[in-house]
Amino acid sequence: MSLSARSVTRRPTSLCVLRSMPLAPVGQRLVSLGTALLVLWLLAVIAGPAWLAHSGLALNAHGHAPLHAHGHPFVDARRLWGVPNFMDVWTNLALAVAGLLGGWVLLRGGPWAPGTRLALAVFFGGLLATGFGSAWYHWAPDAHGLVLDRMGMAVTFAGALALAVAERVGQKPAACVMRLTLVVALLSAAMPLTHGNVLPWAVVQFGGMALMAWLALHKPRAGALGVRLGVLIGLYALAKLLELGDEAVFHATGDVVSGHSLKHLVAGLAAWPVLRAVRQNARATGRGAAPSEQ
């Protein structure tokens, strides 16, 4: 999710950035696209359950399609060393390690503007939270654990989208995007359990990534970290394909590894373009001009 819009006398502004400074054209378009996504999200909140019932799409308490015979929504239920669903549990280590590495780099300091620093902290913190939340959920899959899993993902999405806005639009719009996305994504993560409505979560995931893809088409602003947004989006898309092909990948590999387990590994790798840019900028501390806060 992204920015909403508010009309003032002459200048388009976001709900959060209410300064007299006008937005650049890319910022104005971001407000328009973000407003459209927010409207779509509200429609999903209001009409989602009715639409799902009318379509005949059956979702269980996990917010997934029907479960496998062993009672879980994922194909690989093998136990190893006393750990149930071992592969789906331990592969979350990739997410936790990526979050820890990012936190370590941030603690060492760097020449980052406040909005970028906050977006990075939320992104890496979300990865760490997702690693633990997803491991908890896969250990004993249930609807409550899925909320915990998705809440970590919601934090990661907010950080990633805010970082993309900081790279292409500016620091203040990025801070606004992060606050709004956090609220919307966290609410959406709980709705499959509280309202039986998974559509708002789908809008957050796919709408947010579509917005990031649109931002990736624009040139980085002055002082940007240089995060390769296209690589990040490509890895995320691959992770989603592996998730959707969970059972097919499992059988294609001779029941060695499932698509969902590989999804965790690829999702952890999605932090690489961010880590690479952060480390390169950390090495440049003190060698360049102070970053812009606009």
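Residues numbered from 1 in each chain as written. Predicted model: local features only at pLDDT ≥ 70, side-chain atom pairs only at ≥ 80, totals over all residues. Heavy atoms only, no water.

Here's the deal with the overall build of the protein chain
Looking only at helices and strands, one finds eleven helices and zero strands in the protein chain. Secondary structure elements in the protein chain, listed N-terminal to C-terminal, are α-α-α-α-α-α-α-α-α-α-α. In the protein chain, of all internal contacts separated by at least 6 residues, the share reaching a separation of at least 24 is 73%. Accessible surface, the protein chain as shown: approximately 13,800 Å² in total, 68% of it carbon and sulfur. (Helix = DSSP H or I, 4+ residues; strand = E, 2+ residues; numbered from the N terminus. Contact = heavy atoms within 4.5 Å. Areas by Shrake-Rupley, 256 points an atom, 1.4 Å probe, with all protein chains shown as cover.)

Focus: a nonpolar patch on the surface
Taken together, the side chains of Trp90, Leu93, Val97 and Leu101 define a hydrophobic patch exposed on the protein surface, amounting to about 360 Å² of accessible area. Top contributing element to the nonpolar patch by residue count: helix 3 (residues 93-107), with three residues. Leucine 101 gets classed as partly exposed once you look at its relative accessible area, which sits at 42%. (Patch = residues over 30% accessible without salt bridge, like charges linked within 9 Å, V, L, I, M, F, W, Y side chains within 5 Å. Salt bridge = Lys/Arg side-chain N within 4 Å of Asp/Glu carboxyl O. Buried < 20%, exposed > 50% of the residue type's maximum accessible area, 1.4 Å probe, protein only.)

Considering the pattern of salt bridges
Overall, the coordinates contain three salt bridges when judged by the stated rule. Of the charged contacts, one joins lysine 240 and glutamate 243 as a salt bridge, the two residues approaching to 2.6 Å between their closest N and O atoms. Here lysine 240 and its partner glutamate 243 are both found in helix 8 (residues 229-244), three residues apart, which amounts to about one turn of the helix. A salt bridge links glutamate 243 to lysine 263, with the nearest nitrogen and oxygen atoms 3.4 Å apart. Pair noted here: glutamate 243 is in helix 8 and lysine 263 is in helix 10 (residues 259-269), with a separation of 20 residues, a long-range link. Here lysine 263 falls in the buried class, since its relative accessible area comes to 11%.

Topic: the confidence of the model for the protein chain
Per-residue confidence for the protein chain gives a mean pLDDT of 82; residues scoring 70 or more make up 81%. Per-element averaging of pLDDT across the protein chain places helix 11 (residues 272-283) at the bottom with 82 and helix 10 at the top with 94. Below a pLDDT of 50 lies the segment residues 1-14, which in the model reaches 51 contacts outside its immediate sequence neighbourhood of four places, other chains included. Contacts of residues 17-21 to residues separated by more than four positions or lying in other chains number ten contacts, the stretch itself having pLDDT below 50. (pLDDT = per-residue confidence, 0-100.)

Thoughts on the nonpolar core
Judged by nonpolar contacts, the single largest core of 56 residues is most densely connected at Leu120, Phe124, Met212, Leu215, Leu225, Val274 and Val278. Secondary structure elements with two or more residues in this core: helix 1 (25-55), helix 3, helix 4 (114-139), helix 5 (143-168), helix 6 (171-194), helix 7 (199-216), helix 8 and helix 11. In terms of residues, this core owes the most to one element, helix 5, which gives eleven residues. (Core = buried A, V, L, I, M, F, W, Y, C linked by side-chain atoms within 4.5 Å.)

Topic: unusual backbone geometry
In this structure, tryptophan 81 is a non-glycine residue whose phi angle is positive, near 55°. Residue position: tryptophan 81 is located in the loop between helix 1 and helix 2 (86-90). Taking the relative accessible area as the measure of exposure, tryptophan 81 reaches 73% and is therefore exposed. Located in the positive-phi region is asparagine 85, a residue other than glycine, with phi close to 50°.

A word on the packing of aromatic side chains
By the definition in use, this model includes six aromatic pairs. With centroids separated by 6.0 Å and ring planes inclined at 85°, the aromatic side chains of phenylalanine 74 and tyrosine 137 adopt a geometry described as edge-to-face. Linking phenylalanine 74 in the loop between helix 1 and helix 2 with tyrosine 137 in helix 4, this pair joins segments that are 63 residues apart in sequence. Given the relative accessible area of 6%, phenylalanine 74 is considered buried. Taking the relative accessible area as the measure of exposure, tyrosine 137 reaches 1% and is therefore buried. What links up through ring pairs into an aromatic cluster is the set Trp81, Phe86 and Trp90. (Phe/Tyr/Trp six-rings, centres within 6.5 Å; stacked < 30°, edge-to-face > 60°.)

Notes on the environment of valine 203
The topology assignment puts valine 203 in helix 7. Its relative accessible area of 11% is what places valine 203 among the buried residues. Separated by 159 residues in the primary sequence, valine 203 and alanine 44 place their C-alpha atoms 7.8 Å from one another.

Points about the packing of helix 3 against helix 10
Orientation of helix 3 relative to helix 10, taken along the N-to-C sense of each, is 15°, at an axis distance of 7 Å. Here helix 3 lies roughly parallel to helix 10, going by the angle between them. Both helix 3 and helix 10 take part in a crossing whose hand is left-handed. Packed against helix 3, whose contacting residues are Ala94, Leu95 and Ala98, the element helix 10 presents His264, Leu265, Ala267 and Gly268 at the interface. Looking at side-chain class alone, the contact of helix 3 with helix 10 contains five nonpolar, two polar and no charged residues. (Axes fitted to C-alpha atoms, helices over the stretch in contact; angles between N-to-C directions. Parallel < 35°, antiparallel > 145°, perpendicular 65-115°, else oblique. Left-handed = near helix turned anticlockwise from the far one by under 90°. Nonpolar A, V, L, I, M, F, W, Y, C, P; charged D, E, K, R; others polar.)

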